[in-house]
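Single-letter residue listing:
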Amino acid sequence: MVIINIILFLLFALSILCLFKNRIIRLLLSITMGAFLCIEISSLFIGDSFVDYRYYLHFNIKTLSMAGGFIKEIILLALIFTGAACTLFFLSKLVRKSIVYQKKGSYRIVCIAILITSLFTLVLLPSGIYSGLKEIYNIVSTNEEYKGIFPKSFKASGKNKNIIIISLESFNSSLLHEANRNLTPNIQKRKQEWAYYDVFLNYGSGWTAGSLYTVFTGMPALFPGLGNEYFKGAKKSKFITLSSILKKCGYTSYHLSNDAEFAGTKDLLTTLGVDFILGGDFNGKYKDLVWGGAYDMDIFAEAKEIVKQRCGKPFMLFVATTQTHAPDGFVDERVVQHIEPQATVYENAVLSTDWLVEDFIHFFENENMLDETVIYLFPDHFFYGTKEVFKKADYKTRLWLMTNAEKERLPADTVDIYQVDIPRIILSGAEIEHDVTFFSDTITGNKDDYIRKHIQELSALNMFSIVRENTIGKSFVLSLNKEHLIGMLNGEDLFVKKRSELGDDYLLLLIDEQLKIMEIKQISRQEFDNGFNEPCHTCIKIGVENANIDFEWTKDADHKRRIHAGASLNLNSEQILDVIKEIDQSLATRFLLLRK
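Quick caveat: nothing in here was measured; it's all calculated off a predicted structure.

### Topic: the overall build of the chain
A tally of regular secondary structure across the chain gives 22 helices and 21 strands. Out of the 596 residues belonging to the chain, those deemed buried represent 53%. Excluding contacts between residues fewer than 6 apart, the proportion of contacts in the chain whose partners are at least 24 apart in sequence is 68%. As displayed, the chain has an accessible area near 27,500 Å², and 55% of this comes from carbon and sulfur atoms.

### Remarks on the packing of helix α9 (residues 185-193) against helix α15 (residues 345-366)
To describe two helices that pack against each other, one gives the angle between their axes and the distance between the axes. It is at 7 Å that the axes of α9 and α15 come closest, and there the two elements cross at 55°. By the angle class used here, α9 and α15 are oblique. Contacts from P185, N186, I187 and R190 in α9 reach L351, D354, W355, E358, I361, H362 and E365 in α15.

### As for unusual backbone geometry
Keep in mind that most residues, glycine aside, have a negative phi and that most peptide bonds are trans. Cis geometry is adopted by the peptide bond preceding P327, which originates at A326 and carries an omega value of 5°. Positionally, P327 belongs in the loop between β7 (315-320) and α14 (333-336). Even without a glycine there, the phi angle at N160 is positive, about 65°. Here N160 lies in the loop between β1 (156-157) and β2 (162-168). In this structure N160 comes out as partly exposed when scored by relative accessible area, which is 43%.

### Some words on the environment of I466
Here I466 shows up in strand β12 (residues 466-468). Residue I466 is classed as buried on the basis of its relative accessible area of 4%. For the pair I466 and K235, spaced 231 residues apart in the sequence, the C-alpha separation amounts to 7.4 Å.

### Remarks on the sheet that holds strand β16 (residues 506-511)
Here we have five strands laid out as an open sheet, ordered β17-β16-β18-β19-β20, and antiparallel in their pairing. In the strand order of this sheet, the two ends are held by β17 (517-523) and β20 (559-564), each with one partner. Strand-to-strand, the axes of this sheet are offset by a mean angle of 15°, without reference to chain direction. Alignment of strand β19 (residues 548-556) against β20, held across six bridges, turns out to be antiparallel. For W553, the partnering residue across the bridge sits in β20 and is R561.

### What about the packing of aromatic side chains?
As enumerated under the stated definition, the model contains 17 aromatic pairs in all. Ring plane angle 85° and centroid distance 5.9 Å describe the contact between Y346 and F390, whose orientation is recorded as edge-to-face. Taken together, the residues Y346 in helix α15 and F390 in the loop between β8 (373-379) and β9 (399-403) connect sequence positions 44 residues apart. Residue classification places Y346 among the buried positions, given a relative accessible area of 3%.

### Observations regarding the side chain of Q419
Along the polypeptide, Q419 turns up in the loop between β10 (417-418) and α16 (422-429). Apart from the residues within four sequence positions on either side, Q419 is in contact with V199, F200, L201, N202, S205, S211, T214, D380 and L399.

### Observations regarding the side chain of S211
The topology assignment puts S211 in helix α10 (residues 208-217). Using a relative accessible area of 5% as the deciding quantity, one classes S211 as buried. Every residue in contact with S211, bar those within four places of it in the chain, is listed here: S205, D380 and Q419.

### Some words on the packing of helix α13 (residues 296-309) against α15
Between α13 and α15, the shortest axis-to-axis distance is 11 Å and the interhelical angle comes to 15°. Classified by the angle their axes make, α13 and α15 are roughly parallel. When you trace α13 past α15, the crossing you get is right-handed. Listed contacts from α15 to D296, M297, F300, A303, K304, V307 and K308 of α13 are L356, V357, D359, F360, F363 and F364. Tallied by class, residues from the contact of α13 with α15 come to nine nonpolar, no polar and four charged.

### Thoughts on a nonpolar patch on the surface
There is a patch of nonpolar side chains on the surface, built from I3, I7, L11, V110 and I114 and spanning about 420 Å² of accessible area. Top contributing element to the nonpolar patch by residue count: helix α1 (residues 2-17), with three residues. For L11, the location among the structural elements is in helix α1.

### A few points about α16
The buried fraction of α16 is high, at eight of eight residues. Of all the positions in α16, only I422, P423, R424, I425, I426, L427, S428 and G429 are classed as buried. E431 lies just past α16 and shows a positive phi near 60°.

### A short note on the nonpolar core
Judged by nonpolar contacts, the single largest core of 112 residues is most densely connected at I163, F216, L317 and Y376. Ranked by residue count, the leading element in this core is α15, at ten residues. Apart from residues no more than four positions distant in its own chain, I163 is found in contact with L246, Y251, F315, M316, L317, V374, Y376, I426, A430 and I432. Core analysis: the next-biggest nonpolar cluster, separate from the first, contains 33 residues, L480, I511, F551 and L577 among them.

### Here's the deal with the sheet that holds strand β21 (residues 568-572)
The strand order β15-β14-β13-β21 describes an open sheet built from four strands, whose pairing is antiparallel. Strand pairing shows two members of the sheet lacking a second neighbour, β15 (492-498) and β21, which therefore form its edges. On average, each strand axis in the sheet is inclined to that of its neighbour by 10°, with strand direction left out of account. Docked against the sheet, helix α21 (residues 573-581) engages β13 (475-480) and β21, running at close to 95° with respect to β21.

### Focus on the environment of T403
With respect to the element layout, T403 can be found in strand β9. With relative accessibility at 0%, the residue T403 sits in the buried group. Ignoring sequence-local partners within four residues, the contact set of T403 consists of W194, A195, V374, I375, Y376 and L410. Within the structure, T403 has its side chain in polar contact with the backbone oxygen of I375 (distance 2.9 Å).

### What about the pairing of β8?
Across the seven residues that make up β8, a large majority, seven, are buried. Here β8 shows no split at all, with T373, I375, L377 and P379 on one side and V374, Y376 and F378 on the other all buried. Relative to β8, β2 is paired through seven bridges, and the arrangement is parallel. Within the sheet, the bridge partner assigned to I163 lies in β8 and is V374.

Definitions and cut-offs
Residues numbered from 1 in each chain as written. Predicted model: local features only at pLDDT ≥ 70, side-chain atom pairs only at ≥ 80, totals over all residues. Heavy atoms only, no water. Helix = DSSP H or I, 4+ residues; strand = E, 2+ residues; numbered from the N terminus. Buried < 20%, exposed > 50% of the residue type's maximum accessible area, 1.4 Å probe, protein only. Contact = heavy atoms within 4.5 Å. Areas by Shrake-Rupley, 256 points an atom, 1.4 Å probe, with all protein chains shown as cover. Axes fitted to C-alpha atoms, helices over the stretch in contact; angles between N-to-C directions. Parallel < 35°, antiparallel > 145°, perpendicular 65-115°, else oblique. Pairing = 2+ DSSP bridges. Phe/Tyr/Trp six-rings, centres within 6.5 Å; stacked < 30°, edge-to-face > 60°. Left-handed = near helix turned anticlockwise from the far one by under 90°. Nonpolar A, V, L, I, M, F, W, Y, C, P; charged D, E, K, R; others polar. Patch = residues over 30% accessible without salt bridge, like charges linked within 9 Å, V, L, I, M, F, W, Y side chains within 5 Å. Salt bridge = Lys/Arg side-chain N within 4 Å of Asp/Glu carboxyl O. Core = buried A, V, L, I, M, F, W, Y, C linked by side-chain atoms within 4.5 Å. Polar contact = N/O pair within 3.5 Å; in protein donor to acceptor, adjacent residues only side chain to side chain.

Here is the structure:
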């Protein structure tokens, strides 16, 4: 199927090129088509699929900054790009000079026929180039009218069993195959002793942050943005999350990782209600060790210290490992002394992870805490790429989950488990009773098919679940008295400014494209009139003129909306929308999507 898609795309590209006589146009088109093909092949390497929503999320500057670890792959892609562009250009030249081309009137018909046929076939092919691009479009063009229904309250109670979640980076199920026992002896031993389940990957959860979002909400992580940038400035989620259920039962939640700041992970976890988000170099304790943060050994050491300090109070501890990350993993030399050295860096990384996990489990046994602790092990997603060790078994069909929870406590319908089922399983195994209905509870049949058929609705539901801090939304109220200019946003204080301090100056509310107030600053009228250069999408100017509020929404010199408000101004969401429609239609669309 992959080869067919690539051949069809090359025919499509070649037929377009042959329609143009101008060499410069054909050269530019060859470069463009070669670049597109190179991007599609890089997506195949990373995720075994053509460009789709997952690739779209990760194609940003922060991700590209990590490209140094993929030097061989980058060189190969550069060669593919050069080869594809040159081949298309010179082949189009040959075709135009061919006998078929010289038959005037017929060559264009042939080219157009090939173009239409190849394009039509690409559109019809399942899991092809077109289908991935269509999925991206469906998510970023979310239906703004679908707001969903969010529960207002819920009941939950538990038996105070501690919960340990260990998310293993890119830990394919083939690593637990008998053929790889030398790499995972400890985890495979636990597999025989504990409850073990195959888990299907579902759409919207196949990368680290997506998996994390799903574990806490039971929802696929479909959002119209790059990476986790959507969570910047988010205050909380309207979903009942794993964290909120545990909090009601008296739990404190922790998340530990190599880098809590990477790709907006901290913003995501804050939104989902995690109490303590620890990572990076742990305030300089593990500075400059690996990728700017701690090794997995250090993360597990910090986790042990947290456990010792809890003194009988229930907790949920989420540990995210890193050292088996693509392309080759990395090894902590302190762990190597505890393992049998393997042939490759990646194999050593896998065996090191296996040792660290078992050492952590032994810690609970030695502390006599295992009976009161439920441990869950599962990978966050498939490995991006391939390794020789994966070829010893079927390596990209399912994920997995294992736990020391009593099997009778786990849900009965554990035959077809998807990632969206994981939070329900975690709660059941920890003997927490609740009346929460998770997304997966509402689906009968294949859950991945359901998600793919309802991409726009689920994306909208995720969007409307986010409550943002200082985001233009429900209401905006300004009032002016003898001493103060007061601003309130969505029922909360935004600023209280003394009129004597404001004088003839303006307050500027700098707003980003997500309608979050980035900063409130005071500038002189002259500075504003001369034009201000601020890193924002637009701004609200607020001043006092003749004992009245001077309110102006400004994008640039040509896009303004001014309101003389008197001593008070009270705008609701509909009025705010009317104002910004005159300023920027695209911003008005975002307002519809982001308001409560």
